Amino acid sequence: MHFLITGGSGFIGSAFAKRLLSLGHHVTIFDDKPLEQSFRLEPIKNQISYKQIDFTKLSALKSEVVGFDVVAHFYFRANTSVKDPNDDFEKSMLSTFNLLESIRANKIKKIVFLSGAAVYGNPSVFPTSETYGPLTPVSLYGAFKISSEALLSAYSALFDIDVLVFRLGNVVGPHMTRGIIFDLIKKLKNNFDFVEILGNGEQIKDFIYLDDCIDGILHVLNNSKEKFSLFNLSSGTTISVNDIAKIVKQEMNLAHITNRYSNSELGWVGDVQKVHFDISKIRQFGWSPKFDSKQAIVSATKDLL
Ligand SMILES: NC(=O)c1ccc[n+]([C@@H]2O[C@H](COP(=O)([O-])OP(=O)(O)OC[C@H]3O[C@@H](n4cnc5c(N)ncnc54)[C@H](O)[C@@H]3O)[C@@H](O)[C@H]2O)c1
């Protein structure tokens, strides 16, 4: 099959591309970076087609999104801020809308979309299942993700497109360039007096190891017969920020370094105190993670060191 991966030079997209190639599929990547800057694609650059593309320009995009069996839509503005919502809107929502318009125009029949825990905001039920509602995100990122899910649902119903949506936990693994493990390692390499923790360290999150994430996506892709499927995809287990810091320090033989906390309870504007996914739906569908959150953190720390 021929897959188009948008944002395919990113952390998850590049791993997905490598797995698809190993399974004998053809891969085309559209990303906003030039290929030369995509260090994760270096080992496979001669086996893929690659185009640097601006997703905010519909007419140009329409002429490019042609002839694919599956579109894996992975690009999205991850670090939305409160400073420039219009730019975030263009890079996330408008880009998603333009991609859907291109898919409709060119009669492409399948799309995979990566959503996230941010759509749940601060839920009152844990573990949180796909049926939880109302969905009240507390970040622009979460708002644009839930809006994108809604658009995908309507396009699926109106234009006969198969849609798979995955609400991911925190994905960790090799070649990460942001996120808590990357951040802690960087800080610990530069300062031996203390390590700064964003928030009070008691935030609790649900992690999934990158290989598990790719396995889960492929399992559903190969087996789902629904027009519109939506799954939580994570380990369904949790770990606190303090325990993550402990593991990273142990792996770096720096267990004696003390934590220093920022003044706020949460790590950043739009952060949430607790994420814990109910993954019984995807388990019943025949997929289970190999790693729990702790194992994912230990492995990803080793990957990055
Ligand atoms: N990594 C996680 O823990 C996590 C959790 C939940 C959901 N997701 C979702 O999974 C997807 C992939 O995440 P990732 O961690 O690989 O992110 P990433 O930032 O590593 O990769 C995203 C890629 O998309 C490209 N990109 C961003 N905006 C673009 C635009 N407007 N036009 C074209 N290209 C653009 C970037 O250059 C980058 O290569 C994203 O949609 C993200 O929101 C990730």
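This is a predicted model, so every value here is computed, not measured.

A. Inspection of the nonpolar core at higher detail. One finds Ile5, Ala72, Val172 and Ile181 to be the most contacted residues of the largest nonpolar core, which totals 80 residues. A domain split of this core shows at least three residues from each of domain 1 (2-170 + 208-233) and domain 2 (172-206 + 237-275 + 291-304).

B. Focus on the domain arrangement of the chain. Looking at the chain, the domain boundaries give domain 1 (2-170 + 208-233) and domain 2 (172-206 + 237-275 + 291-304). Between the C-alpha centres of domain 1 and domain 2 the distance comes to 26 Å. With 18 residues of domain 1 in contact, the opposing surface of domain 2 contributes 18 residues. Of all the elements in the fold, those that place two or more residues in the side of domain 1 that touches domain 2 are α1 (11-22), β9 (204-209) and α6 (210-223). Among the elements that make up the side of domain 1 that touches domain 2, the one with the highest residue count is α6 (three residues). The residue inventory of the side of domain 1 that touches domain 2, partitioned by class, reads nine nonpolar, six polar and three charged.

C. Quick look at α1. End to end, α1 covers 17 Å across 12 residues, agreeing with the expected 16 Å (1.5 Å per residue, within 8%). Inspection of α1 places Phe11, Ile12, Gly13, Ser14, Ala15, Phe16, Ala17 and Leu20 among the buried residues, and these make up the whole buried set. The inward-facing, buried residues of α1 contact β1 (2-6), β2 (26-31), β4 (70-73), β5 (110-116), β7 (170-172) and α6. Positive backbone phi, approximately 90°, marks Gly24, located one or two places after α1.

Conventions and cut-offs
- Residues numbered from 1 in each chain as written.
- Predicted model: local features only at pLDDT ≥ 70, side-chain atom pairs only at ≥ 80, totals over all residues.
- Core = buried A, V, L, I, M, F, W, Y, C linked by C-beta atoms within 7 Å.
- Buried ≥ 20, exposed ≤ 12 C-beta atoms within 10 Å, placed from the backbone.
- Domains from an automatic or database assignment.
- Contact = placed C-beta atoms within 7 Å.
- Helix = DSSP H or I, 4+ residues; strand = E, 2+ residues; numbered from the N terminus.
- Nonpolar A, V, L, I, M, F, W, Y, C, P; charged D, E, K, R; others polar.
- Expected span 1.5 Å × (residues − 1).

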